[in-house]
Amino acid sequence: MNNFLKYTFILSVVFQAAAQDIKSAKNVLFIMVDDLRPELNVYGQDLIKSPNIDALAAAGTTFKRAYCNVPVCGASRASLLSGVRPTAKRFLKYYSSINEAGPNAQHIVDYFNDRGYTTISNNKITHLKNDIKTWDEEWHPKDISWRNYQDPKNRDLDANKKPGPAYERLAVEDSVYFDAQTAYKSIEDLKKLKANGQPFFLAVGFVKPHLPFTAPKKYWDLYDESKIRLPKQSTFPETAPKIANHKWGELRAYKDIPKEGPIPEDLAKTLIHAYYASVSFVDAQIGELINALDALELRESTVVVLVGDHGWSLSDHGLWAKHSNFEVALQVPMIISAPGLSENKISNSVAELVDLYPTLCDLTSGKKPPHLQGNSLISSLQNPDKIYKSTALARWQKGETLIENNYFYTEWTLKSNRIQRMLYDHSIDPYETINLATLRRYDKTVENLSQQLKLFKKSFN
Ligand SMILES: [Ca+2]
């Protein structure tokens, strides 16, 4: 081959590669579900009815040990979308802004914009509206308030800024609530995106099962309340430090909830029933969305991610809501279904929400920005049977939790530099009932974990 032919051959290979890149660029359908703990059939919860999320899991890999990095909406989402971990100085509040990540942390929306993607945010992706200015489109459903009650009595209270009830059970159509409107809007987007042909990052944020638990009656009717059980550990563990406790103000703010003391058992079961109904309601909306993706024949070119933003206590440890360092507040559902990768697999590797951004870089064949602090989960998606990671780090206010294999170790450094500690070994105590940090024979383990926590914190800033 003479030089000219060689040159044109190389050029044509380069052009072909570029053309192929554009053709094979994978879309991303990123589904976030607000306050969804892994209360799902695929996570072994036998009472819950989540057939559509289970079907998604059957088409991908489910991470059984996925954790948020901050158990509160805004901070968790800002960390995930920026790829930056929380510290004592950033991502502390429910209203934390992604800007706290600093100017050098290119967030995931700019990352996809720069690569020619169409980027759309529907409903709750960042906690603060308009926190990310560079979405091609940011859409929110509208009502008198985010609580979106439908009962006229509840709407009156809400309109007058008075507390309404924690749940609502009305025989209404799905379409009256935000999540059904969000699914509908997202399906219309999928149609347009398919016609437009550009790769897309479509982020769909469902707001149930966040409080108030407002789900149409037909989803309540899927459950027999007499079969609902309270968690195995439904009182605060005697050996846990007081600082691990909280007053679950988020739930107490509702008018049907006692302002102090525990929730009576009957009401607790109704609230769990309401949470389940909300999960089944959101599951049905997710089903509509995935069915549309299939009907439009976009599945083979689209990575689908489903995650929650943090866990939730349903009277576990005598607590409700998020805002704690117990596993139920930290664990999230995480399912990733990508063309050509494992189907119907469970990964027992530890995964963190901060890992999602680098994972999406790999899944869409993009270069990873240097600021990312998580690890791509691509190896787990290729070999779900292998453990690639055993450590996670989460923080809630002054409490820092290191998850290391079966150990869940939390320390709080108080003003006087006094340290409070909490340690559970999930291989012997999965419900976190005995604080092993109070036992002398665990002194060495505590010392090692404390050291490891310090080293982990030094690895990023
Ligand atoms: Ca949330």
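Look a little higher up for the structure.
Not measured: the values here are computed from a predicted model.

A. View of the overall build of the protein chain. In terms of helices and strands, the protein chain carries 13 helices and 17 strands. The C-alpha atoms of the protein chain give a radius of gyration of 23 Å, which matches the 23 Å a tight globule of 461 residues would have. Seen along its three principal axes, the alpha-carbon backbone of the protein chain occupies a region of about 85 × 60 × 40 Å. Of all 461 residues assigned to the protein chain, the portion counted as buried reaches 48%. Put simply, of all contacts in the protein chain between residues at least 6 apart along the chain, 69% involve residues at least 24 apart.

B. Quick peek at the packing of helix 2 (residues 51–58) against helix 9 (residues 265–295). Contact geometry for helix 2 and helix 9: axes closest at 7 Å, N-to-C directions at 50 degrees. Taken together, the axes of helix 2 and helix 9 lie oblique to each other. Within the contact between the two elements, helix 2 uses Pro 51, Asn 52, Ile 53 and Leu 56 and helix 9 uses Asp 283, Ala 284, Ile 286, Gly 287 and Ile 290. Tallied by class, the residues present in the contact of helix 2 with helix 9 amount to 6 nonpolar, 2 polar and 1 charged.

C. Expanded view of the nonpolar core. Core analysis: the largest hydrophobic core is formed by 121 residues, its most contacted members being Phe 30, Ile 31, Leu 202, Val 305 and Leu 306. Broken down by element, this core gets its largest block of residues, 14 residues, from helix 9. In contact with Phe 30, other than residues within four places in its own chain, are Phe 201, Leu 202, Ala 203 and Val 305.

D. The arrangement of the pairing of strand 8 (residues 302–308) in detail. The element strand 8 is largely enclosed, with a buried count of 7 among its 7 residues. Alternating positions in strand 8 separate into two faces, Thr 302, Val 304, Leu 306 and Gly 308 on one and Val 303, Val 305 and Val 307 on the other, with burial throughout. The pairing of strand 1 (residues 27–33) with strand 8 spans 7 bridges and is parallel. When the bridges of strand 8 are listed, Val 33 appears paired with Gly 308. Relative to strand 12 (residues 334–337), strand 8 runs antiparallel, the two sharing 4 bridges. Bridged to Leu 306 within strand 12 is Ile 335.

E. Up close: helix 3 (residues 73–82). Taken across its 10 residues, helix 3 has 10 buried, putting it largely inside the fold. Residues Cys 73, Gly 74, Ala 75, Ser 76, Arg 77, Ala 78, Ser 79, Leu 80, Leu 81 and Ser 82 constitute the buried set of helix 3. Those residues of helix 3 hidden inside the fold are in contact with helix 4 (108–114) and helix 11 (356–363).

F. Seen up close, unusual backbone geometry. Of note, the amide linkage connecting Lys 208 to Pro 209 takes the cis form, showing an omega dihedral of 5 degrees. The residue Pro 209 is located in the loop between strand 6 (200–206) and strand 7 (213–214) in this model. A cis amide bond, omega -10 degrees, links Leu 211 with the succeeding residue Pro 212. The residue Pro 212 is located in the loop between strand 6 and strand 7 in this model. The phi angle at His 317 is positive, at roughly 60 degrees, despite the residue not being glycine. With respect to the helices and strands, His 317 occurs in the loop between strand 9 (313–314) and strand 10 (320–321). Judged by the 23 C-beta atoms lying within 10 Å of it, His 317 falls in the buried class.

G. Representation of the pairing of strand 16 (residues 407–413). Of all 7 residues in strand 16, 5 are buried; the element is thus mostly enclosed. Both strand 15 (residues 399–404) and strand 16 contribute to a ladder of 6 bridges, which runs antiparallel. Paired with Ile 403 across the strands is Phe 408, a residue of strand 16. Linking strand 15 back to strand 16 in an antiparallel pair, the connection comprises 2 residues, with Asn 405 at a positive phi of about 55 degrees. Looking at chain direction, strand 16 and strand 17 (residues 419–425) are connected through 7 bridges and run antiparallel. Following the sheet pairing, Tyr 409 is matched in strand 17 by Leu 423.

H. Highlighting the sheet that holds strand 17. The strand order across the open sheet formed by 4 strands is 14-15-16-17, and the pairing between neighbours is antiparallel. Every other strand in the sheet has two partners, leaving strand 14 (391–396) and strand 17 as the edge strands with one partner each. Sheet twist, expressed as the mean angle between neighbouring strand axes with direction ignored, is 15 degrees. As judged from the 6 bridges shared by strand 14 and strand 15, these two strands associate in the antiparallel manner. Within strand 15, the position partnered with Leu 393 by the bridge is Leu 402. Sheet contacts for helix 13 (residues 443–458): strand 14, strand 15, strand 16 and strand 17; angle to strand 15, the most-contacted strand, approximately 105 degrees.

Definitions and cut-offs
- Along each chain, the written sequence defines residue order, and numbers are assigned to residues from 1.
- Per-residue local features of the predicted model are confined to residues with pLDDT of at least 70, and side-chain atom pairs are confined, for both listing and counting, to 80 or more; whole-chain, interface and lining totals are unaffected and use all residues.
- A helix here means a DSSP run of H or I that spans at least four residues, while a strand means a run of E at least two residues long, and both kinds are numbered starting from the N terminus.
- The quantity called the radius of gyration is restricted to C-alpha atoms. Its globule counterpart is 2.2 Å times the number of residues to the power 0.38.
- Think of it as a crowd count around each C-beta: if 20 or more other C-beta atoms lie within 10 Å the residue is buried, if 12 or fewer it is exposed, and in between it is partly exposed, with C-beta placed from the backbone throughout.
- Here, residues touch in the contact sense if the C-beta positions derived from the backbone fall within 7 Å of one another.
- Orientation is described by axes fitted as lines to C-alpha atoms, over the contacting stretch for helices, and by angles from 0 to 180 degrees between their N-to-C directions.
- For this classification, under 35 degrees means roughly parallel, over 145 means roughly antiparallel, 65 to 115 means roughly perpendicular, and everything else is oblique.
- When residues are sorted by character, Ala, Val, Leu, Ile, Met, Phe, Trp, Tyr, Cys and Pro go into the nonpolar class, Asp, Glu, Lys and Arg into the charged class, and all the rest, Gly among them, into the polar class.
- The nonpolar core is taken to be a set of buried Ala, Val, Leu, Ile, Met, Phe, Trp, Tyr and Cys residues joined by way of C-beta atoms within 7 Å.
- For two strands to pair, DSSP has to find at least two bridges joining them.

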